[in-house]
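Chain by chain, the residues run as shown.
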Amino acid sequence: MTLITPLRPVLPTPVASGAEPVFGARDRLGWRRKFGVIAPSTNTIVQPEFDMMRVPGVTSHYGRILIRDGRIGDDAGMEALLDQIRASMAECVEGIMTMRPDYLVMGMSAETFWDGVEGNRQFVAQIKELSGGLDVATGAEACERALHLFGARRIGVVTPYTPIGDANVRKFFTELGFEVGRIKGLNAPDAVSIAHVSEQALRESILEVDGPDVDAVVQCGTNLCMTELADEAERWLGKPVIAINAATWWMALRDNGITDQLQGYGSLLRDH
């Protein structure tokens, strides 16, 4: 694997002795942190949802993994999608590194759950190597942290995936010691159509995987439009409903010492 050496900023020099520097030490808009976000070219939800949750001084900048064939309506399609992601990952990270990010954020989730806990660790190690050592927020780890924070043990899960995707999600959480009760996989026919799932269908899916024995509901799939609905669902159910985009953004902010609390995107960002 080729190691991409990150570009390092060159310290500015004043135009004249005692003059104000032309180039400041920090980005004008991303003066707290610049996040590099890795997302599939087919994903139309993660960017606007992350943008909704922006805080002052933090900016996000996207590298897109080219998905030529987004068909995922069967298990073979899911595997083929992941093959495309793996083939384009190095080039995507190389492009992101040219804007000198402080931290990386995964705008996709299936790859972060694949092959369970060890698969997630290997994935993070790969991104760190490609970026020259930057830390990275993944949806899988963000959900793990959130569930531990809430003290949840038994969970219900909603995904856009086929059975092979659901099996990998179950494997990840089970290996961590969580009990996965019910999983509702929506079997999206292709990657773009994930963003077309209606709010009503998502409401019904949340209710389907919930129950008195469930401590929390988790939603996977960054192209499902779920962040604001999850905030609402916490009020119906009286328990945590973890939308993966909100959890990943929360992890990214908190990892970087940014403790701003946000309203409307779930209890993680509001209270923790």
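Our subject in this report is the structure included herewith. Only a predicted model underlies this, so the values are computations on that prediction, with no experimental measurement involved.

A word on the pattern of salt bridges
Then, number 1: Tallying each qualifying case throughout the model produces 20 salt bridges.
Then, number 2: When the shortest N-O distance is used, the salt bridge between Asp213 and Arg154 registers 2.8 Å. In this pair, Asp213 sits in the loop between helix 7 (199–209) and strand 7 (216–219) while Arg154 sits in strand 5 (residues 154–159), placing the two residues 59 residues apart along the sequence.
Then, number 3: Note on Arg154: relative accessible area 16%, which makes it buried.
Then, number 4: The closest approach of N and O atoms between Asp213 and Arg182, which form a salt bridge, is 3.4 Å. Pair noted here: Asp213 is in the loop between helix 7 and strand 7 and Arg182 is in strand 6 (residues 179–185), with a separation of 31 residues, a long-range link.
Then, number 5: Note on Asp213: relative accessible area 35%, which makes it partly exposed.

Concerning the layout of surface pockets
Then, number 1: What the second largest pocket holds in volume is close to 170 Å³.
Then, number 2: Lining the second largest pocket are Arg86, Glu111, Trp114, Asp115, Glu118, Gly119, Gln122, Phe123 and Gln126.
Then, number 3: Sort the elements by how many residues they give to the lining of the second largest pocket and helix 4 (residues 116–131) lands first, with five residues.
Then, number 4: Partitioned by chemical class, the residues of the lining of the second largest pocket number two nonpolar, three polar and four charged.

Overview of the side chain of Ser193
Then, number 1: Relative to the assigned elements, Ser193 resides in the loop between strand 6 and helix 7.
Then, number 2: What makes Ser193 buried here is its relative accessible area of 15%.
Then, number 3: A distance of 2.8 Å separates the side chain of Ser193 from the backbone oxygen of Asp190, its partner in a polar contact.

A word on the sheet that holds strand 4 (residues 136–137)
Then, number 1: Here we have four strands laid out as an open sheet, ordered 2-1-3-4, and parallel in their pairing. Where the open sheet ends on each side, the last strands, each with one partner, are strand 2 (58–65) and strand 4.
Then, number 2: Pairing between strand 3 (residues 103–106) and strand 4: two bridges, direction parallel. Considered in strand 4, the bridge of Leu104 is made with Val136.
Then, number 3: Together, strand 1 (33–40), strand 2 and strand 3 form the strand contacts of helix 2 (residues 75–97), whose direction differs from that of strand 2 by roughly 140°.

Reading the values: rules and limits
Residues numbered from 1 in each chain as written. Predicted model: local features only at pLDDT ≥ 70, side-chain atom pairs only at ≥ 80, totals over all residues. Heavy atoms only, no water. Salt bridge = Lys/Arg side-chain N within 4 Å of Asp/Glu carboxyl O. Helix = DSSP H or I, 4+ residues; strand = E, 2+ residues; numbered from the N terminus. Buried < 20%, exposed > 50% of the residue type's maximum accessible area, 1.4 Å probe, protein only. 1 Å grid on protein atoms, 1.4 Å probe; cavity = no way out; pocket = protein on both sides within 12 Å on 5 of 7 lines; lining within 4 Å. Points joined across faces, edges and corners; volume = space filled by probe spheres on them. Nonpolar A, V, L, I, M, F, W, Y, C, P; charged D, E, K, R; others polar. Polar contact = N/O pair within 3.5 Å; in protein donor to acceptor, adjacent residues only side chain to side chain. Pairing = 2+ DSSP bridges. Contact = heavy atoms within 4.5 Å. Axes fitted to C-alpha atoms, helices over the stretch in contact; angles between N-to-C directions.

None of the figures reported here should be taken as evidence of function without further support.
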